[in-house]
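The lines below spell out each chain.
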Amino acid sequence: MSKFLQQRQMEARLTAEGEDFVFMSAFTYSDSKRKIVLVLGSKNYFEFDGEVIDLHEELPQARSYLGLDTAEENPTDSKQFIIFQCMKPAIRLSGSESDVMEAVVVLNTLIRDAWQQACEEYMIVGREVYQFHANLRKVNRKKKAQDRIFVVSNAFIYNLEEVSENVRIEEFKWSMPIASLLHVAAGRDDPRVSEYPATLHFDLNKAKEIKADKSYKERKEGSKKSVNDKHQLLFSSQFARDRFTMALLALYYAVTKTHLTFDRTNSGTGLRKSQLGHIRKQGVLMKYTRGALGRVGKHPRFVQIKSTGTISWGKTKETIKYSEAIIGVNDKGAIFKQFKISDDDLKRFFCVLTSGKSVYLLCETEEDKKEWMNAIEVLSQANKISIEEREDMRERERNEIREGEISGRYQRDIRMISERYQGDIREISGRYQRDIGEISERYRGDIREISRRYQRDIREISERYRGDIREISGRYQRDIREISERYQLDIREISGRYQRDIGEISERYQGDIRVISGRYQRDIREISERYQGDIREISDRRENG
């Protein structure tokens, strides 16, 4: 039967159920490889097993679009897309490029229409208009991540707990005016565990003033009276986080006509590793244990597989207590016989190999077992590191540590020699300055002594010859010249001696400097050669290893 004829007949069946036909196409689950036909109606969507629909079989259970968050194309593969569910593991499907593109566009439109109608009918009242919603995890004050749904109107942000597909949306935890936002931050992203954080900061006083306005008197109040001014949120994809934050910036500007402060931060979430990551598959399975005396126990446990490559379990979803890193999955081997289960149960039995103890689980059906094993296999392959790779990583770490130690020792030696060199320079400079000061002081003393003697001689001659100046003027002038020449000779002799002393001290100082510099350069070369030898040894060992 042609695809067109199938669509016409499906349209007739949905019309009979009071629903309009929108879209239909065949897809394959990326994890379990199970083939389905996805049918989208105007109010609900349907999932048929197999590649072809048996028109005589009854319609499968209708699923509301209120259970969905958004649909996104896989950025690395145009033939795959992801349907993010509200507080449930995402659905990953693959098909032709054209079917994937059409399914994403149609699904997002139908999801938005369903949420807008549900929110504006009971929860958002007055002049408010629904804009979008986001399925996320909110980190509380105790650093615990909680599943939440944020609904955003043109004026308020609403915080909702789990929403049932068949119950009307009218209750919420709290609401905050968009105009009371102070700051929005995004980051630090961690694609390995699908964590994309954002942080909202509110002005609580401004929020109180806005809520007291008469235009909002018809609004409902949330069940939580006390609201924090800071809220840390975790999104499942970068697209979902950026869509949320950018839409808030645009809505804030539309309300206040001012730009909201936004930046990308590098601070972490503060969550434990076991709390990180998004759920890839979850459900209740029978967990088998074997005691020391060979006694077999079995208990129903709620099991989760996360994008971090971990398996977690507990008595209920709220009391998950244990978590281990996944290494692989297996459903064959002699060890399974130790549990003494029937051949029928053995077909639904498998083992998850972890970094701690192995986890033995029993599914309800063989199909469930296949889906669980495929989901685990995908994560174990993505996170698998071979023994050789681990050894290489450890060797690289050891080499980096050794290189760091050698570099540190080299730097310490350089600093030590430099400090000693600087100390020697300071000591020689101080001695040189002292010698110069002593010679200069002695030179100035000699000059002062000669000047005093010269002045005394001048005064004596002036007094002796003052009586008859004209008569003895010639002799007086000769005496003056003789004294002046003798004075100049004394000055030149002292200056020459001073210059010789300065030259000797400078040569001795330069010699000391050359000796110290040579010794400093020699120490530097020795340390550099020893450092280069260590580096070559590490490089050779790395290439040979």
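Everything that follows concerns the structure shown earlier in this document.
Summarised in this report is the structure supplied together with it. (Residues numbered from 1 in each chain as written. Predicted model: local features only at pLDDT ≥ 70, side-chain atom pairs only at ≥ 80, totals over all residues. Heavy atoms only, no water.)

Helix and strand counts for the protein stand at 8 helices and 21 strands. For the protein, the residues scored as buried account for 42% of the 545 residues in total. In the protein, once contacts between residues fewer than 6 apart in sequence are set aside, the share between residues at least 24 apart is 57%. Accessible area of the protein: about 31900 Å², with a carbon and sulfur share of 48%. (Helix = DSSP H or I, 4+ residues; strand = E, 2+ residues; numbered from the N terminus. Buried < 20%, exposed > 50% of the residue type's maximum accessible area, 1.4 Å probe, protein only. Contact = heavy atoms within 4.5 Å. Areas by Shrake-Rupley, 256 points an atom, 1.4 Å probe, with all protein chains shown as cover.)

Pairing between strand 16 (residues 279–290) and strand 17 (residues 296–306): 11 bridges, direction antiparallel. By the bridge assignment, glutamine 282 is partnered in strand 17 with glutamine 304. (Pairing = 2+ DSSP bridges.)

Here we take up the pairing of strand 9 (residues 145–153). In terms of burial, strand 9 is a largely internal element, 7 of the 9 residues being buried. Of the pairings in the sheet, the one linking strand 8 (residues 130–139) to strand 9 comprises 9 bridges and is antiparallel in character. What sits directly across from asparagine 135, in strand 9, is isoleucine 149. Where strand 8 folds back on strand 9, the antiparallel hairpin that results is connected by 5 residues, among which lysine 143 adopts a positive phi of roughly 60°. Linking strand 9 back to strand 10 (residues 156–160) in an antiparallel pair, the connection comprises 2 residues.

Residue placement: aspartate 69 occurs in strand 5 (residues 68–74). Take aspartate 69: its relative accessible area is 4%, and that puts it in the buried class. Residues aspartate 69 and histidine 133, spaced 64 residues apart in sequence, show a C-alpha to C-alpha distance of 7.3 Å. Excluding residues within four positions of it along the chain, aspartate 69 makes contact with Phe84, Gln85, Cys86, Ile111, His133, Ala134, Asn135 and Arg243.

Okay, the sheet that holds strand 15 (residues 261–264) next. Strand order in the open sheet formed by 8 strands is 11-10-9-8-14-13-12-15, and the pairing between neighbours is mixed. Taken across any chain shown, the strands that pair with only one partner, and hence form the sheet edges, are strand 11 (174–177) and strand 15. In this sheet, adjacent strand axes meet at a mean angle of 30° when their direction is disregarded. Bridge count between strand 9 and strand 10: 4 bridges; the pairing is antiparallel. Along strand 10, the bridge assignment pairs valine 152 with isoleucine 157. Packed on one face of the sheet, helix 2 (residues 97–122) meets strand 8 and strand 9 and runs near 90° to strand 8. Strand contacts of helix 3 (residues 204–211): strand 10, strand 11 and strand 13 (196–202), with the helix running at about 95° to strand 11, the strand carrying the most contacts. (Axes fitted to C-alpha atoms, helices over the stretch in contact; angles between N-to-C directions.)

The full count for this structure, using the stated rule, is 14 aromatic pairs. Ring centres of phenylalanine 339 and tyrosine 360 lie 4.6 Å apart, and the angle between their planes is 50°; on these two criteria the pair is classed as tilted. On the criterion of sequence distance, the pair formed by phenylalanine 339 in the loop between strand 19 (320–330) and helix 5 (343–346) and tyrosine 360 in strand 21 (residues 359–362) is long-range, its members being 21 residues apart. Tyrosine 360 carries the same exposure label as phenylalanine 339, and that label is buried. Cluster of aromatic residues (ring-pair linked, three or more members): Phe132, Phe150, Trp174, Phe235 and Phe244. We note arginine 219 situated over the ring of phenylalanine 156; from NZ or CZ to the ring centre the distance is 3.6 Å. (Phe/Tyr/Trp six-rings, centres within 6.5 Å; stacked < 30°, edge-to-face > 60°. Lys NZ or Arg CZ within 6 Å of the ring centre and 35° of its normal.)

Attention now goes to unusual backbone geometry. Positive phi outside glycine occurs at lysine 257, with the angle close to 65°. Of note, lysine 257 is situated in the loop between helix 4 (238–256) and strand 15. The class for lysine 257 is exposed, based on a relative accessible area of 58%.

If you walk through the whole model with that rule in mind, you get 22 salt bridges. Among the ionic pairs, lysine 173 bridges to glutamate 161, the shortest N-O distance being 3.9 Å. Note that lysine 173 is positioned in the loop between strand 10 and strand 11 and glutamate 161 in the loop between strand 10 and strand 11, a separation of 12 residues in sequence. As a salt-bridge pair, lysine 369 and aspartate 331 come within 3.1 Å of each other at their nearest N and O atoms. Taken together, the residues span a long stretch of sequence, with lysine 369 in helix 6 (residues 366–383) and aspartate 331 in the loop between strand 19 and helix 5 at a distance of 38 residues. Residue lysine 369 is classed as buried on the basis of its relative accessible area, which comes to 8%. Shared partners join several salt bridges into a network, and the residues in it are Arg34, Glu47, Asp49, Arg63, Lys281 and Glu371. (Salt bridge = Lys/Arg side-chain N within 4 Å of Asp/Glu carboxyl O.)

A few words now on the nonpolar core. Trp115 and Val151 are the most contacted members of the largest nonpolar core, which totals 40 residues. Not counting residues within four places of it along the chain, the set of residues in contact with tryptophan 115 comprises Tyr65, Leu66, Leu68, Cys86, Tyr130, His133, Ile149, Val151, Val163 and Ile169. Formed by 27 residues, the second largest nonpolar core is a distinct cluster that contains Phe132, Leu181, Ala198 and Leu260. (Core = buried A, V, L, I, M, F, W, Y, C linked by side-chain atoms within 4.5 Å.)

So, on to a negative patch on the surface. Taken together, the side chains of Asp343, Asp344, Glu366 and Glu367 make up a negatively charged region of the molecular surface. Position of aspartate 344 relative to the elements: it lies in helix 5. (Patch = residues over 30% accessible without salt bridge, like charges linked within 9 Å, V, L, I, M, F, W, Y side chains within 5 Å. Lys, Arg positive; Asp, Glu negative; His and termini not counted. Charge placed at Lys NZ, Arg CZ, Asp CG, Glu CD.)

Ordered by their spatial adjacency, 7 strands build an open sheet running 4-3-2-1-7-6-5, and the pairing between neighbours is antiparallel. Of all strands in the sheet, those with a lone pairing partner are strand 4 (63–64) and strand 5, marking the two edges. Strands strand 1 (21–29), strand 2 (35–41), strand 5 and strand 6 (77–85) of the sheet are contacted by helix 2, whose axis makes an angle of about 160° with strand 5.

Within the fold, asparagine 74 resides in strand 5. Using a relative accessible area of 18% as the deciding quantity, one classes asparagine 74 as buried. A distance of 2.9 Å separates the side chain of asparagine 74 from the side chain of threonine 76, its partner in a polar contact. What asparagine 74 contacts, discounting residues up to four positions off in sequence, is Gln80 and Phe81. (Polar contact = N/O pair within 3.5 Å; in protein donor to acceptor, adjacent residues only side chain to side chain.)

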